[in-house]
Amino acid sequence: MSITKISSQRSFDGSYNRFKHQSQVLGCEMTFGIYLPPNMESRPSVPVLYWLSGLTCTDENFMQKAGAHRLAAELGMAIVAPDTSPRGEHVPDDVDKSWDFGHGAGFYINATEEPWAKNYQMHDYIVEELPALIEANFLVSDKRGISGHSMGGHGALICALRNPGRYLSVSAFSPITNPVKTSWGHKAFSQMLGDNIQKWREWDTCELISSAQERLPLLIDQGAEDEFLHSQLKPGSLSSIASRSGHVANIRIHHGYDHSYYFVASFIEDHLRHHASALIEG
């Protein structure tokens, strides 16, 4: 479980570091970023928020654009941001090099179809391998929260719903909530999971939430001017299903905001405090 440091920057008296490691689950070298709050040596082990980014992103987008370090330093919370897919010359990519599938678009599921199945096991990487790596190499606890944006919001929600007891908190920005009914979902799931629609439903928040074994409160923020709101994200579907199933979902629609990291940065403090209430104060 060795890791190699790529870079390190001081940030709000803590440190933002990037590392690389060989992933056994994904069969390739992966990178991740980790923000460590100040005074780690004088603290008891700190909780970790895992952040999953969206299509075309890498481990760097959130750390550079979201403005999360200041409050994470104040709260005493580590943040881990992995890459969004396996990568490498030997890792399959979309033959047309499209932006919404292949490298940068792992969708945080476990592929079952070739040639994707060998490397695209992002769910197991996020839920099992990466936390084990983090907890073995840093002074952090096993108190975990998970959040993300767009495809990463989808990833955060399904990771929490599929793994009761694994996380203490969950939230999302502009998540793909019902991928079985969107073109992004159809493109990714048909190739990675095959033609059996029932397999697709196992990776869909709207399909999972009514039978969830654990009822973590959901905080979801969505921009009303998001260009993907109705075609790909469908927060109304999640709101209706959550209400019918009695699952607490605080879905907030913000007028004037789009799909960008300007939106994420505007409300990231609310999400960090949401997670802190479970990871630190709870």
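Everything below is about the structure printed above this text.
In this report, we go over the structure that sits alongside the text. Just so it is clear, the model here is predicted, and its values are computed rather than measured. (Residues numbered from 1 in each chain as written. Predicted model: local features only at pLDDT ≥ 70, side-chain atom pairs only at ≥ 80, totals over all residues. Heavy atoms only, no water.)

## Focus on empty space enclosed by the protein
Per the stated rule, a full pass over the model turns up one cavity of 30 Å³ or more. The space that makes up the largest cavity amounts to roughly 50 Å³. Along its surface, the largest cavity is lined by Leu157, Ala160, Leu161, Val170, Glu214, Leu216, Leu218 and His247. No other element matches helix 4 (residues 151-162), which puts three residues into the lining of the largest cavity. Partitioning the lining of the largest cavity into residue classes produces six nonpolar, one polar and one charged. (1 Å grid on protein atoms, 1.4 Å probe; cavity = no way out; pocket = protein on both sides within 12 Å on 5 of 7 lines; lining within 4 Å. Points joined across faces, edges and corners; volume = space filled by probe spheres on them. Helix = DSSP H or I, 4+ residues; strand = E, 2+ residues; numbered from the N terminus. Nonpolar A, V, L, I, M, F, W, Y, C, P; charged D, E, K, R; others polar.)

## A few points about the sheet that holds strand 8 (residues 218-223)
The nine strands lie next to each other as 1-2-3-5-4-6-7-8-9, forming an open sheet whose pairing is mixed. The two strands at the open ends of the sheet, each matched to only one other strand, are strand 1 (4-11) and strand 9 (249-254). The average undirected angle you get between the axes of adjacent strands in this sheet is 20°. Bridge count between strand 8 and strand 9: six bridges; the pairing is parallel. From the neighbouring strand, isoleucine 220 faces strand 9, where its bridge partner is isoleucine 251. Together, strand 4 (46-52), strand 6 (140-148), strand 7 (169-173) and strand 8 form the strand contacts of helix 4, whose direction differs from that of strand 6 by roughly 130°. (Pairing = 2+ DSSP bridges. Axes fitted to C-alpha atoms, helices over the stretch in contact; angles between N-to-C directions. Contact = heavy atoms within 4.5 Å.)

## Topic: the packing of aromatic side chains
Counted by the stated rule, this structure contains 14 aromatic pairs. Here the aromatic rings of phenylalanine 101 and tryptophan 116 are separated by 4.8 Å at their centres, their planes lie at 75°, and the arrangement is edge-to-face. With phenylalanine 101 in the loop between strand 5 (78-82) and helix 3 (122-137) and tryptophan 116 in the loop between strand 5 and helix 3, this residue pair connects regions lying 15 residues apart in the sequence. Take phenylalanine 101 and tryptophan 116: they sit in the same class, and that class is buried. One aromatic cluster is present, formed by Trp51, Phe62, Phe173, Tyr257, Phe263 and Phe267 through successive ring pairs. Lying across the ring of tryptophan 203, arginine 162 places its NZ or CZ 3.6 Å from the centre. (Phe/Tyr/Trp six-rings, centres within 6.5 Å; stacked < 30°, edge-to-face > 60°. Buried < 20%, exposed > 50% of the residue type's maximum accessible area, 1.4 Å probe, protein only. Lys NZ or Arg CZ within 6 Å of the ring centre and 35° of its normal.)

## Describing the layout of surface pockets
Taking a probe equal in size to a water molecule and rolling it over the atoms shows the remaining empty space. Looking at the largest pocket, its volume works out to about 180 Å³. Along the wall of the largest pocket there are 14 residues; nearest its centre are Leu55, Thr56, Cys57, His149 and His259. Here the residues of the lining of the largest pocket sort into six nonpolar, seven polar and one charged.

## Some points on the state of the cysteines
Taken as a whole and judged by the stated rule, the model has zero disulfides. No disulfide involves cysteine 28; its sulfur sits 17 Å from that of cysteine 159, the nearest cysteine. Owing to a relative accessible area of 1%, cysteine 28 belongs among the buried residues under this scheme. Here cysteine 57 is not disulfide-linked; the sulfur of cysteine 159 is the nearest cysteine sulfur, at 16 Å. In this structure cysteine 57 comes out as buried when scored by relative accessible area, which is 8%. (Disulfide = S-S within 2.5 Å.)

## Quick look at the pattern of salt bridges
Taken as a whole and judged by the stated rule, the model has 13 salt bridges. As a salt-bridge pair, lysine 187 and aspartate 100 come within 2.8 Å of each other at their nearest N and O atoms. Here the residue lysine 187 occupies a position in helix 5 (residues 183-193), and aspartate 100 occupies one in the loop between strand 5 and helix 3, the gap between them amounting to 87 residues. Glutamate 135 is the salt-bridge partner of arginine 144, the closest N and O atoms lying 2.8 Å from each other. Judged by its relative accessible area of 7%, arginine 144 falls in the buried class. Here the salt bridges share partners, and the residues they tie into one network are Arg18, Asp59 and Glu60. (Salt bridge = Lys/Arg side-chain N within 4 Å of Asp/Glu carboxyl O.)

None of the figures reported here should be taken as evidence of function without further support.
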